[in-house]
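# Structural overview for review
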Amino acid sequence: MVKDSKLDYSFSNLMFYQVLGRLFNPSSKLEVASRKDDFLYDFSFVNSDNIYSSLDVFSGFNKHKSKALTDGVQLIKNMEILLDTVDSEAKKILEYNIKNTSDELEQNIATYDKNFEMNENKLFKHLNDHIGKIIPDRNMSLAFYDCTTYYFESFDEDGFRERGV
């Protein structure tokens, strides 16, 4: 469980499952969730909702904070709609409040992004240290990464390169 969260599953077990699922057969999060019965270990807690909520926890971005951002954006839109319907004094007050609310939202987003990056770096370091214990003499001069959202542009196709997404 994760401190201060309402998860009804082990966060570390779900992250372990996602890493395993993607290592053995790289695919989408939903596809990985559908293969929970392919393992000997009991992954009965795995479902798409839990996978997506674990990503929220991992990034430090929970439903409460998301709602606060959504509500803040809606508040700004509502105040902007009122701008043309009020007198000059009320307009100054609204413009001041819009500016303050926008600044607050930007600060919150920056904090969430910083927390996400910090947690991501911790996970990569942990995984790297763990793999280093299993394979101490591994060669780190070559790295593979998922590029399924990229495309390749060439007139010469072969087994590794095909035109398009």
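Throughout what follows, the structure given in this document is the object of discussion. Only a predicted model underlies this, so the values are computations on that prediction, with no experimental measurement involved.

This next bit is on the overall build of the protein. The helix and strand tally for the protein stands at five helices and zero strands. The linear arrangement of helices and strands in the protein, starting from the amino end, is α-α-α-α-α. When each of the 165 residues of the protein is scored for burial, the buried share is 20%. In the protein, once contacts between residues fewer than 6 apart in sequence are set aside, the share between residues at least 24 apart is 45%.

Next up on the list: the nonpolar core. Considering soluble globular proteins, one finds that nonpolar side chains tend to be buried as a cluster. In terms of nonpolar packing, the biggest core is built from ten residues, these being Tyr9, Leu14, Tyr17, Leu20, Val32, Ala33, Phe43, Phe45, Val46 and Ile51. Of all the secondary structure elements, the ones that give two or more residues to this core are α1 (11–24) and α2 (29–34). Among the elements that make up this core, the one with the highest residue count is α1 (three residues). Apart from residues no more than four positions distant in its own chain, Ala33 is found in contact with Tyr17, Val46, Asn47, Ser48 and Ile51.

A word on the packing of aromatic side chains. Scanning all chains against the criterion turns up seven aromatic pairs. Between the aromatic rings of Phe16 and Phe43, the centroid separation amounts to 6.5 Å while the plane-to-plane angle is 40°, which identifies the pairing as tilted. Taken together, the positions of Phe16 in helix α1 and Phe43 in the loop between α2 and α3 (48–59) put the pair 27 residues apart, joining distant regions of the chain. Under the relative-accessibility criterion, Phe16 is labelled partly exposed at 46%. Measuring from centroid to centroid gives 4.9 Å for Tyr41 and Phe43, while their planes differ by 55°, and the two rings are tilted. The class for Tyr41 is partly exposed, based on a relative accessible area of 46%.

A separate point is the environment of Ile98. Tracing the backbone through its elements, the reader meets Ile98 in helix α5 (residues 88–134). For Ile98, a relative accessible area of 12% corresponds to the buried category. Spatially, the C-alpha atom of Ile98 lies 9.7 Å from that of Asn78, the residues being 20 residues apart in sequence. Leaving out residues up to four positions away in the same chain, Ile98 has contacts with Ile76, Met79, Glu80 and Leu83.

Along the chain, the position of Arg35 falls in the loop between α2 and α3. In contact with Arg35, other than residues within four places in its own chain, are Tyr17, Gly21, Arg22, Asn25 and Ser27.

Turning our attention to the side chain of Ser54. The topology assignment puts Ser54 in helix α3. For Ser54, the side chain forms a polar contact with the main-chain oxygen of Ile51, separated by 2.7 Å. If near-sequence neighbours (up to four positions away) are discounted, Ser54 is found in contact with Tyr9, Phe11, Leu14, Met15 and Gln18.

Our next topic: the layout of surface pockets. Of the volumes computed, that of the largest pocket is approximately 1,800 Å³. Looking at the largest pocket, it is lined by 35 residues, and the ones nearest its centre are Val19, Leu23, Leu123, Phe124 and Leu127. Of all the secondary-structure elements, those providing two or more residues to the lining of the largest pocket are α1, α3 and α5. Here the lining of the largest pocket gets twelve residues from one element, more than from any other, and that element is α5. Taken together, the residues of the lining of the largest pocket sort by class into 21 nonpolar, eight polar and six charged.

Conventions and cut-offs
Residues numbered from 1 in each chain as written. Predicted model: local features only at pLDDT ≥ 70, side-chain atom pairs only at ≥ 80, totals over all residues. Heavy atoms only, no water. Helix = DSSP H or I, 4+ residues; strand = E, 2+ residues; numbered from the N terminus. Buried < 20%, exposed > 50% of the residue type's maximum accessible area, 1.4 Å probe, protein only. Contact = heavy atoms within 4.5 Å. Core = buried A, V, L, I, M, F, W, Y, C linked by side-chain atoms within 4.5 Å. Phe/Tyr/Trp six-rings, centres within 6.5 Å; stacked < 30°, edge-to-face > 60°. Polar contact = N/O pair within 3.5 Å; in protein donor to acceptor, adjacent residues only side chain to side chain. 1 Å grid on protein atoms, 1.4 Å probe; cavity = no way out; pocket = protein on both sides within 12 Å on 5 of 7 lines; lining within 4 Å. Points joined across faces, edges and corners; volume = space filled by probe spheres on them. Nonpolar A, V, L, I, M, F, W, Y, C, P; charged D, E, K, R; others polar.

By themselves, these figures tell us nothing about what the structure is for.
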